[in-house]
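Per-entry structural report
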Amino acid sequence: VVISRSGENNYENLQRHEDAAVIVNATPVGMYPNTGVSPVDLKWFPKLEGVLDVIYNPARTQLLLDAEALHIPCANGLWMLVAQAKESAEYFTGTSIDDAAIAEIHANLAAQMANIVLIGMPGCGKSTIGALLADKLGRKLVDADEEITRLAGKSIPAIFAEDGEAVFRDWETKALSQLGKQSALVIATGGGAVLREDNRLLLQRSGTVFWLDRPLFDIMSTDFQTGRPLLTAGREALERLAAERRVLYAACAHHRIAKPLLEQAISQIEEIWKGARP
Ligand code: S3P
């Protein structure tokens with residue numbers, strides 16, 4: 001059934017199709033830069049078994065994020081983009097291209113679009129390593145703490161002092177979910193980004209997550225407390241915090257970078273990232 005703005009089946013009578021098994025979005029609704037909107041509310045279709053979006057930028061449109069939240073299998077339009085390009089190339093050049101090329105090119109493009117997410121304790125080098133890595137890969141670096149400051153309209157110490165940690169964590173979830181919807185970024189997260197399960201899931205879905213597992217001793221030899229309200233409670237409290245979080249970092253990360261040293265960590269991440277591509 002084709003749904004259009006006018007005609008017999010339109011957006012006004014969508015409820016006629018509540019038995020739909022598959023929905024394909026063939027409109028540009030939700031496409032970059034006008035992201036965060038979806039053409040339909042999936043809750044109206046309780047029998048859905050699959051959702052396809054012909055859009056491929058961003059990789060996960062609002063429609064697909066909604067499908068994920070409802071645990072409905074879904075895919076974006078990247079495969080179709082590559083498959084039609086293969087056919088066009090065959091047509092224009094009069095040659096035949098193996099279908100296997102579609103999977104190979106698709107995997108390559110998907111890896112290029114995925115974000116690189118850095119997690120770990122404060123002071124472990126997320127921002128520094130992130131900046132150099134972004135530079136090397138020609139990507140944009142975004143710092144989740146900066147995004148939080150921008151959204152909240154005040155500094156992190158001010159949020160902690162005036163509103164408390166719970167409010168800070170809400171801002172953090174908001175910032176991470178906005179960043180997670182974008183593609184091809186290097187994202188430096190705050191040390192507590194892994195505390196909420198929702199955050200861990202959204203980071204994992206947005207790309208490849210690297211845990212910079214820097215020994216606490218090294219971290220404490222730096223000026224780690226500056227601008228970090230949670231870290232002023234002394235060594236023991238910090239050790240406790242680090243111990244509690246290890247399990248969460250491990251649960252969230254796709255890859256652990258042990259004792260990350262600048263150049264070494266960057267090449268390690270680069271190698272893993274390239275290795276993930278065919
Ligand atoms: C926090 C770490 C900070 C910042 C906030 C809370 C934490 O980020 O998000 O102060 O809970 O560990 P950095 O890890 O970049 O210092």
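All values derive from a computational prediction rather than experimental measurement. As a convention, each chain's residues are numbered from 1 in the sequence order in which they are written. Restriction of local features to residues with pLDDT of at least 70 applies here, the model being predicted, together with a cutoff of 80 or more for giving and counting side-chain atom pairs; totals for whole chains, interfaces and linings are based on all residues. The basis for every side-chain value is the complete set of heavy atoms in the structure, and neither hydrogens nor water enter the calculation.

**Things to note about the packing of helix α6 (residues 156–163) against helix α7 (residues 165–180)**
Note on geometry: axes are lines fitted to C-alpha atoms, helical ones only across the stretch in contact, with angles between N-to-C directions running from 0 to 180 degrees. Numbering of helices and strands runs from the N terminus, with a helix taken as a DSSP run of H or I at least four residues long and a strand as a DSSP run of E at least two residues long. One way to put it is that α6 packs onto α7 with a least axis distance of 7 Å and a crossing angle of 135°. Overall, the two elements α6 and α7 adopt an arrangement that is oblique. Here I156, I159, F160 and D163 of α6 lie close against α7, whose contacting residues are E165, V167, F168 and W171. Any residue outside Ala, Val, Leu, Ile, Met, Phe, Trp, Tyr, Cys, Pro, Asp, Glu, Lys and Arg is labelled polar, Gly included; the first ten of those are nonpolar and the last four are charged. Its residues assigned to classes, the contact of α6 with α7 comprises six nonpolar, no polar and two charged. Oblique is the label for any angle not under 35 degrees, not over 145, and not in the 65 to 115 range, which are roughly parallel, roughly antiparallel and roughly perpendicular in turn. Throughout, a residue-residue contact means that at least one pair of heavy atoms, one from each residue, lies within 4.5 Å.

**Looking at unusual backbone geometry**
Going from Y32 to P33, the amide bond is cis rather than trans, its omega being 5°. By the secondary structure assignment, P33 is in the loop between β1 (22–25) and β2 (50–53). Following N57, the chain continues into P58 via a peptide bond in cis, with omega recorded as 5°. Tracing the chain through its elements places P58 in the loop between β2 and α1 (62–69). Even without a glycine there, the phi angle at K259 is positive, about 40°.

**Description of α1**
Since the α-helix advances by 3.6 residues per turn, residues separated by three or four positions end up pointing in the same direction. Burial classes follow relative accessibility: with a 1.4 Å probe on protein chains only, a residue under 20% of its type's maximum area counts as buried, one over 50% as exposed, and anything between as partly exposed. Burial analysis of α1 places six of its eight residues in the buried class, which makes it a mostly covered element. Inspection of α1 places Q62, L63, L64, L65, A67 and E68 among the buried residues, and these make up the whole buried set. Buried residues along α1 sit against β1, β2, β3 (74–75) and α8 (197–206). Where α1 terminates, the next one or two residues include H71, which has phi positive at roughly 60°.

Any functional reading would require information that these geometric values do not contain.
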